[in-house]
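So you can see what is in the structure, the chains are spelled out below.
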Amino acid sequence: MTQRRGTTYGFARTSKLLETRVRNASETRGFAQSRVLTHWEEIVGADLAAMSRPVEVSYGRGGFGATLTVLTTGAMAPMVEMQREQIRARINGVYGYNAIARVRVTQTAATGFAEGQVDFQHRRAKPVQPDHAPEILREVRASTGEVGDPGLRAALERLGANVISKGKRR
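Quantities reported herein were computed from a predicted structural model and do not represent experimental measurements. (Residues numbered from 1 in each chain as written. Predicted model: local features only at pLDDT ≥ 70, side-chain atom pairs only at ≥ 80, totals over all residues. Heavy atoms only, no water.)

## Let's talk about a nonpolar patch on the surface
- Where nonpolar side chains cluster on the molecular surface, the patch consists of Leu152, Leu156, Leu159 and Val163 and spans about 350 Å² of accessible area.
- Tracing the backbone shows Leu152 in helix 8 (residues 150-169). (Patch = residues over 30% accessible without salt bridge, like charges linked within 9 Å, V, L, I, M, F, W, Y side chains within 5 Å. Areas by Shrake-Rupley, 256 points an atom, 1.4 Å probe, with all protein chains shown as cover. Salt bridge = Lys/Arg side-chain N within 4 Å of Asp/Glu carboxyl O. Helix = DSSP H or I, 4+ residues; strand = E, 2+ residues; numbered from the N terminus.)

## Remarks on the side chain of Ser165
- With respect to the secondary-structure elements, Ser165 resides in helix 8.
- Overall, the relative accessible area of 11% leaves Ser165 in the buried class.
- Side-chain polar atoms of Ser165 contact the backbone oxygen of Ala161, separated by 2.9 Å.
- Every residue in contact with Ser165, bar those within four places of it in the chain, is listed here: His132 and Ile136. (Buried < 20%, exposed > 50% of the residue type's maximum accessible area, 1.4 Å probe, protein only. Polar contact = N/O pair within 3.5 Å; in protein donor to acceptor, adjacent residues only side chain to side chain. Contact = heavy atoms within 4.5 Å.)

## Considerations on the sheet that holds strand 3 (residues 100-106)
- If you walk across this open sheet you meet the 3 strands as 1-2-3, and the pairing is mixed. Each of the sheet's edge strands pairs with one partner strand only, and the pair in question is strand 1 (52-59) and strand 3. Here the strands of the sheet are splayed against their neighbours by 25 degrees on average, with no regard to which way each runs.
- Alignment of strand 2 (residues 66-72) against strand 3, held across 6 bridges, turns out to be parallel. Residue pairing across strands places Ala66 opposite Ile100, the latter belonging to strand 3.
- Against the sheet, helix 6 (residues 84-95) engages strand 1, strand 2 and strand 3, with an angle of about 130 degrees to strand 3. (Pairing = 2+ DSSP bridges. Axes fitted to C-alpha atoms, helices over the stretch in contact; angles between N-to-C directions.)

## Notes on the confidence of the model for the chain
- The predicted model of the chain averages 77 in pLDDT, with 68% of residues at 70 or higher.
- The least confident element of the chain is helix 1 (residues 14-28), whose mean pLDDT is 65; the most confident is helix 5 (residues 77-82), at 91. (pLDDT = per-residue confidence, 0-100.)

## A word on the environment of Ser143
- Relative to the helices and strands, Ser143 resides in helix 7 (residues 134-143).
- Taking relative accessible area as the criterion, Ser143 reaches 55% and is therefore assigned exposed.
- Separated by 14 residues in the primary sequence, Ser143 and Glu157 place their C-alpha atoms 8.6 Å from one another.
- Within the structure, Ser143 has its side chain in polar contact with the backbone oxygen of Val140 (distance 2.8 Å).

## So, the pattern of salt bridges
- Applying the stated criterion across every chain yields a total of 3 salt bridges.
- Glu81 serves as the salt-bridge partner of Arg84, at 2.8 Å between the closest nitrogen and oxygen.
- With a relative accessible area of 35%, Arg84 lands in the partly exposed category.
- By relative accessible area, which is 34% here, Glu81 ends up partly exposed.
- For the salt bridge of Arg141 with Glu157, the shortest nitrogen-to-oxygen distance reads 3.9 Å. Here Arg141, found in helix 7, pairs with Glu157, found in helix 8; they are 16 residues apart in sequence, far enough to count as distant.
- A relative accessible area of 49% places Arg141 in the partly exposed class.

Following this line, the structure appears as structure tokens:
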């Protein structure tokens with residue numbers, strides 16, 4: 001039996017090559033853990049991530065917690081402002097301690113106006129449509145046949161098929 005050689009012939013994973021550069025770049029913005037930047041949508045949720053981006057973490061002289069600056073657009077600023085405490089709690093959950101004391105909402109990037117023009121659109125995951133048995137679909141269509149609005153009928157059919165198929169799985 002021959003042993004496989006553990007060489008990559010000089011090749012390395014891109015993540016290993018960029019790891020130190022990404023860490024250095026995020027540390028210059030105050031992010032001790034780059035996970036806050038890279039997993040923003042998972043941390044704060046898809047709705048809030050579509051409206052905002054973390055820009056920097058600044059530490060005060062007293063050392064009693066840092067200030068997280070969050071970038072948003074003008075129309076979304078009141079929505080993000082209302083959720084500042086939720087953002088702070090979730091970020092502190094990632095850090096594992098009370099690292100962020102304040103969340104500041106801004107409509108321009110901390111480094112200037114050019115970076116403030118960020119597109120906050122995320123690709124939404126396509127909802128998975130479950131495949132239902134034909135007898136379930138026939139039963140649902142029979143019960144929603146009298147609904148006049150086609151959009152409402154389709155929504156009721158989806159709901160009914162999900163309810164019936166969930167009940168049969170038990």
